[in-house]
Every structure is written in C-alpha cells, then in structure tokens.
Amino acid sequence: MKALCYHAPRTITCDTVPDAKLQADTDIVVRMTACGICGSDLHIYHGEGFSADLGYCVGHEAVGEVMEVGSQVRRVKTGDRVMISAAVGCGGCAPCLAGNVLKCETGGAGCYGLSHALEGCQSEAIRVPKGDFNVAPIPDGLTEEQALMLTDNLPTAWFGCVGAEIGPGKTVVVVGLGPIGLMAVEAAFVMGAARVFAVDLVAERRAIAKSLGAEVFDAADAPAGIMEATKGRMADCAVEAVGADATINLAMQLVGRQGIVSAIGVNQTRKFDFPMALAFVKTLTFRIGTCSVPRYWPAIVPLVQSGRLKPERFLTHRMKLENGAEAYRLFDAREDGVLKTIMTA
Ligand SMILES: [Zn+2]
Ligand SMILES: [Zn+2]
C-alpha cells in the first residue's frame, strides 16, 4: 500500500510499504478515505520528531471505512464508516472509559505516526489497536471533512479553550491563527466570550479571524493594542496555538492579573526561560499539554451537527496521498493561503 513516510528533515515521501494488517484480535484495519496534515506533523518534517525512528509512516488524523476486524472486536464491523481518534487508549481502564485517554492506566496512551510503534494515518490503510474503543462512527449528518476535523484539530482547539477557562463575558486572546487557532477563536465565541483578540504574523490568517468576529493584531502590535483596547486590563485568558517559546511568552504578556494561559502547540524546548517574576506579580495560571480527543466529542459533535461550529471552513487544499511531499512543502511554506490540507488515497 501507499503511505507517507519520514526519512530525513524535509523528506517525507509517498512510499510503497507492507499492507496494514491485524496484529492482535482486538485490532481493526481501516481503509483511509481522507486524512489530514496537522501542525504537529511539521515538527517531524523539520527533523524534530518524537522518536529516533526513520522510515515510519506519519500522520494521526483520518477517517475511513473498516476493512477488517479482529476476532475479539464487538462494536465495529466491516464496512462501518468511522473517525479515528488521534489519541489512542486501551479502552479498558477507568480513565479510558471516561474518555480520558491521557490517563490510560495500562500504558496504552499514544498517537499514530510518531514512530514504528504505531504507524501513521497518512496511509491507504491504518491498523487501529483496540478497535472497539479508538474509532467512533461518523456522527449523523456530518460530512467526511467535518468528521476529519473531529479526529484531532477541533477537539484540541476546544481543549485549549477549556484549559483557558473561557466562559460568558470573558475577554480572550488567541495567539497563532493556524487551523487550530482559528477553531479556538470560533470555539471561544461559542463558549460565551465577549471579546476575542486574535494574533498572527500572517495577514490572510488575521483576515479570517476578523471574519469570525475577532479583533486582530500582528504580534508586534498586540501588547500595546490589547492594552489600549482593554484600558490596561489585558485579556482574562489566552489560548496559545503555536508552541514556540516566543509566542508562549507573548501570551503571558497579553493576559492580565490572574490571567490563564493555555498552551496547546507542540513545544519541545528542554529548558524554557519562564518569566517567573511576571507570573508571580500577575498570579498567572499556565497550562500546557495535549488533548484527550474522545473526551470532548460529546460537547462538540452536536455543535458541529447544529452548525454552531464549522470546522470545515478552514479546509483549503485537497490533494492525493501520492502528492504528499508537495502537500508538506506547501503547508510548511504557508504558500497559497494554505490552512488545512486533506489528502485522499
Ligand atoms: Zn495533531
Ligand atoms: Zn486505558
């Protein structure tokens, strides 16, 4: 089968690899019908991946059709149309059963496409461990594209907003307006934010945030602009959706006293120069981490079904898997107004 594989920095190519197959009687194999490239995949593309492996298949966002099920699989059958959670759990422990895959007690918590341990989703077919737990049927009324956004990006944006404790009347700043940052802008309004400031270096991305109702700033102008717009109070909370040290620092500047910063971009800095004095004076709360995808489906699936959240509007490019090398180049270069690229087999 064809799959996008990581070989070296800036070298992700479409290769022929052995077909995905059942390895345990609780596994399923899903034929990919659409997969996404995530901002975190760019870390791998840049050679800053999460393992030392080479030649593994990348990607952790996909929807598809179940091709094969192991003998112990009960809930899923061949032919089902499913979305695959990027966050993988054992499905049997108490936290998994509550949807909190990150606290999986069996060591089952993981993600596709970071090493050979669990091959990625940018592939014609995907082996899903614990198939009864790690996929869900595509919800009624949702398109394949909407479902794809539910495998990682939209739950992550929602998780970032939950971490920022956004609620009615809050003043929010979102730093970084890639697909997840833009979804956070939309989610913040749905959660009741009174004002959302949105910060990015790219004018086209600011324009989209503005169309969602945000007040937008270039990064350099954001501190003074938000100071003026809030009469010195600054934002109640920040969602940081880049993961760079500079943008995390910026987010900490843009919130006011007792502000909350919720960072959801991948950051692999070993030693971060945390502005302790600023945090102390402001009495800041700082959160960082990854999203337990299924935990947020009960809240956001109905919001997508009702059209209150429209994650599909951030899809800009549709390409074939065999053109994956170009898809990565384009996304990395932020050319052609690219936000979210989906690939089909
Ligand atoms: Zn991701
Ligand atoms: Zn578990």
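Please refer to the structure placed before this passage.
Summary of the structure given here. (Residues numbered from 1 in each chain as written. Chains lettered and ligands numbered in written order. Predicted model: local features only at pLDDT ≥ 70, side-chain atom pairs only at ≥ 80, totals over all residues. Heavy atoms only, no water.)

1. A closer look at the packing of helix α5 (residues 153-163) against helix α6 (residues 179-190)
Item 1. Closest axis-to-axis distance for the α5/α6 pair is 8 Å, and the angle between their directions is 55°. Comparing their axes, α6 and α5 come out oblique. Remark: the crossing between α5 and α6 carries right-handed chirality. Contacts between α5 and α6 involve N153, L154, T156, A157, W158 and C161 from the former and P179, I180, M183, A184, A187, A188 and V190 from the latter.
Item 2. Classifying every residue of the contact of α5 with α6 gives 11 nonpolar, two polar and no charged. (Axes fitted to C-alpha atoms, helices over the stretch in contact; angles between N-to-C directions. Helix = DSSP H or I, 4+ residues; strand = E, 2+ residues; numbered from the N terminus. Parallel < 35°, antiparallel > 145°, perpendicular 65-115°, else oblique. Left-handed = near helix turned anticlockwise from the far one by under 90°. Contact = heavy atoms within 4.5 Å. Nonpolar A, V, L, I, M, F, W, Y, C, P; charged D, E, K, R; others polar.)

2. Here we look at the packing of aromatic side chains
Item 1. Across all of its chains, the model carries six aromatic pairs by this definition.
Item 2. Between F197 and F217, the ring centres sit 6.0 Å apart and the planes meet at 50°, which makes this aromatic pair tilted. Within this pair, whereas F197 is found in strand β11 (residues 195-199), its partner F217 is found in strand β12 (residues 215-217), the two being separated by 20 residues in sequence.
Item 3. On the basis of relative accessibility, which here comes to 0%, the residue F197 falls in the buried class.
Item 4. Note on F217: relative accessible area 17%, which makes it buried.
Item 5. Of the aromatic side chains, those joined through ring pairs into one cluster are F272, F274 and F286. (Phe/Tyr/Trp six-rings, centres within 6.5 Å; stacked < 30°, edge-to-face > 60°. Buried < 20%, exposed > 50% of the residue type's maximum accessible area, 1.4 Å probe, protein only.)

3. Remarks on the coordination of the zinc ion (ligand 2)
Item 1. Those protein atoms acting as donors to the zinc ion (ligand 2) are C90 (SG), C93 (SG), C96 (SG) and C104 (SG), and they sit at 2.3 to 2.4 Å.
Item 2. Considered as a linear motif, the donors of the zinc ion (ligand 2) on their single chain read C-x2-C-x2-C-x7-C. Here C90 matches C93 in class, with each residue buried. (Donors = N, O, S within 2.8 Å, 3.2 Å for Na, K, Ca; no water.)

4. Remarks on the layout of surface pockets
Item 1. If you add up the space inside the second largest pocket, you get close to 370 Å³.
Item 2. In this structure, the second largest pocket is lined by 20 residues; those nearest its centre are M1, P18, D19, A20 and E119.
Item 3. A per-element tally of the lining of the second largest pocket places strand β8 (residues 125-128) first, with three residues.
Item 4. Its residues assigned to classes, the lining of the second largest pocket shows 11 nonpolar, five polar and four charged. (1 Å grid on protein atoms, 1.4 Å probe; cavity = no way out; pocket = protein on both sides within 12 Å on 5 of 7 lines; lining within 4 Å. Points joined across faces, edges and corners; volume = space filled by probe spheres on them.)

5. Concerning the coordination of the zinc ion (ligand 1)
Item 1. Bound to the zinc ion (ligand 1) are the protein donor atoms C38 (SG), H60 (NE2) and D152 (OD), situated 1.9 to 2.2 Å from the metal.
Item 2. The motif formed by the donor residues of the zinc ion (ligand 1), counted along the single chain, is C-x21-H-x91-D. Of this pair, C38 sits in the loop between β3 (28-36) and α1 (39-45) while H60 is found in the loop between α1 and β4 (62-69), placing the two residues 22 residues apart along the sequence. In this pair, the class of C38 matches that of H60, namely buried.

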